[in-house]
Amino acid sequence: MRFTRPLPFLLLATVTSLCAQTQPAPTPAAAPKLTDAQVSNVLSQLQELEKTILSQRASNLSTVLAKLNAAIASEQSAIKFYTDCDVLVNSERKEASKTEARQRQEMMERSMDRSKSKGGGGGAAAEEEGDIGTALQLGLRYLILTLEAHEAKEEDFKKMGPKLSSYIQEMTAAAPKLKGRALGMLGRVCGGGSPVIEAFQLDRFLGSEHWSRSPTDIGGMFQQTLFFLAEKDAKDTLPGLWDTRLNYEAAFRKEQMPAPEYELWRQDDLPALRWQRAVYLYEKGPSPVTAMADMLKVIKEHPSHADAPSWVDNLREFVNASAPEPTTSTQTESTNN
């Protein structure tokens, strides 16, 4: 049997719905009115509080940076620092017993020592583990740069370019040591769940629009920081910067990938990056004409690439957009023909 609602109930529901539709939206509360003396008093207090906050913030960050700089003095100090942070976050703050904390400390130390001995011993173990000490040193160094980038004002941020370039060069040179677990540790120092970041509550100090959080993302470092800086002050250097990026990325990947995978990267991904370079330089570089010539070169050298048809279409659009306007005589000849 079908259930039928009583008529009064339906009428009540209809009226309620109409009232809800016609009821005006609540107006925002008006700002309270303050006297001139109250405004002056509050603003004066805020000014003093702001000075105190900024001073304490700078002092706290300076302390953290000093500890991080001490930690990268050697591989052993980097390992000990990371281990201490891990024990603090995963044992002491979780109110583990002293015995449990000591056991975790010993476990971390054994793990680090085992990885260090394997990484330095050559052979298959070195390929699997990598060099943990080198990875942690690099990760902590990149964390320092990331903190500095977050705090830097516009003029100071320009100084981050040479520092970042130096880091990329050092990381690429260390690529043979950044295998397996070591590469993962390098990424973890600055990533989610990092015991170092959690130990010092640093996560809110690491966000920056023009800085990559990843200590191994060479492309992101160039795209977000080095290209950004060059666009503003040194546009003529952009082609060379792109070449440097591709060279570093190829060198790093060659050490990280098995030979067959690296060869596939060279065949598929590298041409796509070269095309990306050409399009970028067409839009933002010093010479769009040279950039179009680079596009044509990529197409000629890689006609069987999966993206080649779309490259042809894109370059045709760029060329047509740059074609000279037809003259009156040309238009007449075209009409007669």
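**A word on the overall build of the protein chain**
Part 1 of the reasoning: The number of helices and strands found in the protein chain is 16 helices and zero strands.
Part 2 of the reasoning: Of all 337 residues assigned to the protein chain, the portion counted as buried reaches 33%.
Part 3 of the reasoning: The contacts of the protein chain with a sequence gap of at least 6 include a subset with a gap of at least 24, amounting to 68%.

**Section: the packing of aromatic side chains**
Part 1 of the reasoning: Evaluated as defined, the whole model comprises 11 aromatic pairs.
Part 2 of the reasoning: Their ring planes at 20 degrees and their centres at 5.9 Å tell us that Tyr262 and Trp265 sit as a pair that is stacked. One end of the pair, Tyr262, and the other, Trp265, are both in helix 13 (residues 259–284), three residues apart, so they sit about a helical turn from each other. We note that Tyr262, like Trp265, is buried.
Part 3 of the reasoning: Taken together through their ring pairs, the aromatic side chains of Phe222, Phe227, Trp242 and Tyr280 make up a single cluster.

**Digging into the environment of Met257**
Part 1 of the reasoning: Checked against the element boundaries, Met257 lands in the loop between helix 12 (238–256) and helix 13.
Part 2 of the reasoning: As a C-alpha pair, Met257 and Lys179 span 78 residues in sequence and 9.5 Å in three-dimensional space.
Part 3 of the reasoning: For Met257, the contacting residues outside a window of four places in its chain are Tyr262 and Trp265.

**Looking at the packing of helix 11 (residues 218–233) against helix 13**
Part 1 of the reasoning: In contact at an axis separation of 12 Å, helix 11 and helix 13 are set at 35 degrees when each is read in the N-to-C sense. Like other packed secondary-structure pairs, helix 11 and helix 13 cross with a definite hand, here right-handed. Contacts from Gln223, Phe227 and Glu231 of helix 11 reach helix 13 at Gln276, Tyr280 and Lys284.
Part 2 of the reasoning: Residues belonging to the contact of helix 11 with helix 13 are distributed by class as follows: two nonpolar, two polar and two charged.

**Comments concerning helix 12**
Part 1 of the reasoning: Over its 19 residues, helix 12 extends 27 Å from the first C-alpha to the last, a length consistent with the 27 Å expected when each residue adds 1.5 Å.
Part 2 of the reasoning: What helix 12 keeps buried is the set Leu238, Leu241, Trp242, Arg245, Leu246, Glu249, Ala250 and Phe252.
Part 3 of the reasoning: In this structure, the buried residues of helix 12 make contact with helix 8 (160–173), helix 9 (180–190), helix 11 and helix 13.

**Brief notes about the nonpolar core**
Part 1 of the reasoning: Of all hydrophobic cores here, the largest spans 75 residues; its most connected members are Leu68 and Tyr167.
Part 2 of the reasoning: Take this core: its biggest share by element is 11 residues, from helix 6 (residues 132–151).
Part 3 of the reasoning: Contacts of Tyr167, omitting those with residues within four sequence positions, involve Leu138, Arg141, Tyr142, Leu145, Leu186, Pro215 and Met221.

**Details of helix 11**
Part 1 of the reasoning: Here helix 11 is 16 residues long and its end C-alpha atoms lie 21 Å apart, about the 22 Å a rise of 1.5 Å per residue gives.
Part 2 of the reasoning: Bending of helix 11 peaks at approximately 35 degrees at the position of Leu226.
Part 3 of the reasoning: When we look at burial in helix 11, the residues that qualify are Ile218, Gly219, Gly220, Met221, Phe222, Thr225, Leu226, Phe227, Phe228, Leu229 and Ala230.
Part 4 of the reasoning: On the buried face of helix 11, the contacting elements are helix 6, helix 7 (154–157), helix 8, helix 12 and helix 13.

**Observations regarding the side chain of Thr146**
Part 1 of the reasoning: When you line up the elements, Thr146 lands in helix 6.
Part 2 of the reasoning: Once residues lying within four places of it in the same chain are set aside, the contact partners of Thr146 are Phe205, Leu206, Trp211 and Arg213.

Procedures and definitions
Residues numbered from 1 in each chain as written. Predicted model: local features only at pLDDT ≥ 70, side-chain atom pairs only at ≥ 80, totals over all residues. Heavy atoms only, no water. Helix = DSSP H or I, 4+ residues; strand = E, 2+ residues; numbered from the N terminus. Buried < 20%, exposed > 50% of the residue type's maximum accessible area, 1.4 Å probe, protein only. Contact = heavy atoms within 4.5 Å. Phe/Tyr/Trp six-rings, centres within 6.5 Å; stacked < 30°, edge-to-face > 60°. Axes fitted to C-alpha atoms, helices over the stretch in contact; angles between N-to-C directions. Left-handed = near helix turned anticlockwise from the far one by under 90°. Nonpolar A, V, L, I, M, F, W, Y, C, P; charged D, E, K, R; others polar. Expected span 1.5 Å × (residues − 1). Core = buried A, V, L, I, M, F, W, Y, C linked by side-chain atoms within 4.5 Å. Bend = angle between axes of the 7 residues up to and from the residue.

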